[in-house]
Amino acid sequence: RQTRGDAFFGSGSTEETGTVQLKAGVKHEILVEFCNVRAPAPNDPDEAVMDSNPGVRLGGQEVVDPDELMAEAVRLASEADAVIAVVGLNADWETEGYDRTTLALPPRTDELVSKVAKANRRTVVVTQSGSAITMPWADEVPAIVHAWYLGNATGEAIGDVVGGRVNPSGKMTLTFAKRLEDYGSHGHFHSENGKVRYAEDLFVGYKHFHHRKFAPQWYFG
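Residues numbered from 1 in each chain as written. Predicted model: local features only at pLDDT ≥ 70, side-chain atom pairs only at ≥ 80, totals over all residues. Heavy atoms only, no water.

Student: Report on the side chain of T134, specifying residues and quantitative values.
Tutor: Position of T134 among the secondary structure elements: in the loop between β2 (123–128) and β3 (143–146). The residues contacting T134, other than those within four sequence positions of it, are L103, A104, L105, D110 and L180. (Helix = DSSP H or I, 4+ residues; strand = E, 2+ residues; numbered from the N terminus. Contact = heavy atoms within 4.5 Å.)

The structure is reproduced here in structure tokens:
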């Protein structure tokens, strides 16, 4: 029984996962039974048949101990002349369909960057996201490039910047604060009776910094 999730602007069902044992060198067949219905929700139990946006996403990967992958990344970094670590978010973490619950990167990403940077001082971090993120490791790396979400030439564009062929400077459309506490809404953002409350009153965004006579430290400018 499908249950409604946040994907596809609330019309998608929650992700179902499982683990199966496969044999190397043996062909396996996968059967997917799918009906294009809007999954039920607690306050809307009907499984309405959808007349648009039909689709299903199927994926898989080898089960590997994450600690082993972390150790392998550190080993490769220690042996390399330089490291370009590309981290960030994708459509699974941010989209127009729902709000992020944190400015942090996905689990263990910060740990990965810190360990790789410690293993190789010549580490360039390339971040990709469509909104602000926290980077507690910023002082641990010599260079950070924020690449947003680019198109088909993403790799070439990042390569031109990191390789020094293109000057990456430009004005940002939003603030990447040095600390989460630097944002005006920190400690004042909550929900009450199902409604979002902002307790910083008039001092929102840049007005917060001016009011406190505090110049925020930005990573990019």
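Student: How would you sum up the nonpolar core? Please name residues and give values.
Tutor: Within the largest apolar cluster, twelve residues are counted, these being V87, L89, L105, V113, A117, V125, I133, M135, W137, A138, V141 and F176. Every residue in contact with V113, bar those within four places of it in the chain, is listed here: V87, V125, W137 and V141. (Core = buried A, V, L, I, M, F, W, Y, C linked by side-chain atoms within 4.5 Å. Buried < 20%, exposed > 50% of the residue type's maximum accessible area, 1.4 Å probe, protein only.)

Student: I'd like a description of helix α1 (residues 66–79), backed by residues and values.
Tutor: Relative to the 20 Å expected for 14 residues at 1.5 Å per residue, α1 spans 20 Å between its end C-alpha atoms, a close match to the ideal helical length. Its side-chain oxygen placed 3.0 Å from the backbone nitrogen of D67, D65 serves as the N-cap of α1. (Expected span 1.5 Å × (residues − 1). Polar contact = N/O pair within 3.5 Å; in protein donor to acceptor, adjacent residues only side chain to side chain.)

Student: Tell me about the packing of aromatic side chains, residues and numbers included.
Tutor: Enumeration according to the criterion identifies one aromatic pair in this entry. Ring geometry for W148 against F176: centres 6.0 Å apart, planes inclined by 75°, an arrangement best described as edge-to-face. Of this pair, W148 sits in the loop between β3 and α3 (154–162) while F176 sits in the loop between α3 and β4 (189–192), and the two are 28 residues apart along the sequence. (Phe/Tyr/Trp six-rings, centres within 6.5 Å; stacked < 30°, edge-to-face > 60°.)

Student: Account for the pattern of salt bridges, with residues named and values stated.
Tutor: Pairing between side chains of opposite charge can happen when their charged atoms approach one another. One pass over the structure, following the stated rule, counts eight salt bridges. Residue D92 is joined to R57 by a salt bridge in which the shortest nitrogen-to-oxygen separation is 3.1 Å. Placement of the pair is D92 in the loop between β1 (83–88) and α2 (109–119) and R57 in the segment before α1, with a sequence separation of 35 residues. The partly exposed category is assigned to D92, whose relative accessible area is 42%. (Salt bridge = Lys/Arg side-chain N within 4 Å of Asp/Glu carboxyl O.)

Student: With reference to specific residues and values, describe the environment of A7.
Tutor: Position of A7 relative to the elements: it lies in the segment before α1. Between the C-alpha atoms of A7 and G97, which are 90 residues apart in sequence, the distance is 7.0 Å.

Student: Please give an account of the pairing of β1 that cites residues and values.
Tutor: Side-chain alternation along β1 places V83, A85 and V87 on a buried face and I84, V86 and G88 on a face that remains uncovered. Pairing of β1 with β2 involves six bridges; the strand directions are parallel. Along β2, the bridge assignment pairs V87 with T127. The β-α-β motif built from β1, the intervening α2 and the parallel element β2 has right-handed crossover chirality. (Pairing = 2+ DSSP bridges. Right-handed = clockwise from strand over helix to strand, strands pointing away.)

Student: So what's going on with unusual backbone geometry? Residues and values would help.
Tutor: Even without being a glycine, R108 presents a positive backbone phi close to 70°. Tracing the sequence through the fold places R108 in the loop between β1 and α2. Unusually for a residue other than glycine, W148 sits at a positive phi of about 55°.

Student: Mind laying out the sheet that holds β3, listing which residues take part and the relevant values?
Tutor: Read from one edge of the open sheet, three strands run β1-β2-β3, paired in parallel fashion. On the outer flanks of this sheet lie β1 and β3, each paired with one strand and no other. Neighbouring strand axes in the sheet, compared pairwise and without regard to direction, differ in orientation by 20° on average. Where α3 meets the sheet, its contacts fall on β1, β2 and β3, and the angle it forms with β2 comes to roughly 140°. (Axes fitted to C-alpha atoms, helices over the stretch in contact; angles between N-to-C directions.)

Student: Account for the environment of G5, with residues named and values stated.
Tutor: Looking at where G5 falls in the secondary structure, it is placed in the segment before α1. The sequence separation of G5 and A41 amounts to 36 residues, and the corresponding C-alpha distance is 8.5 Å. Discounting residues that sit within four places of it in the chain, G5 has contacts with G10, G12, S13 and T14.

Everything listed here is a matter of geometry and, on its own, says nothing about what the molecule does.
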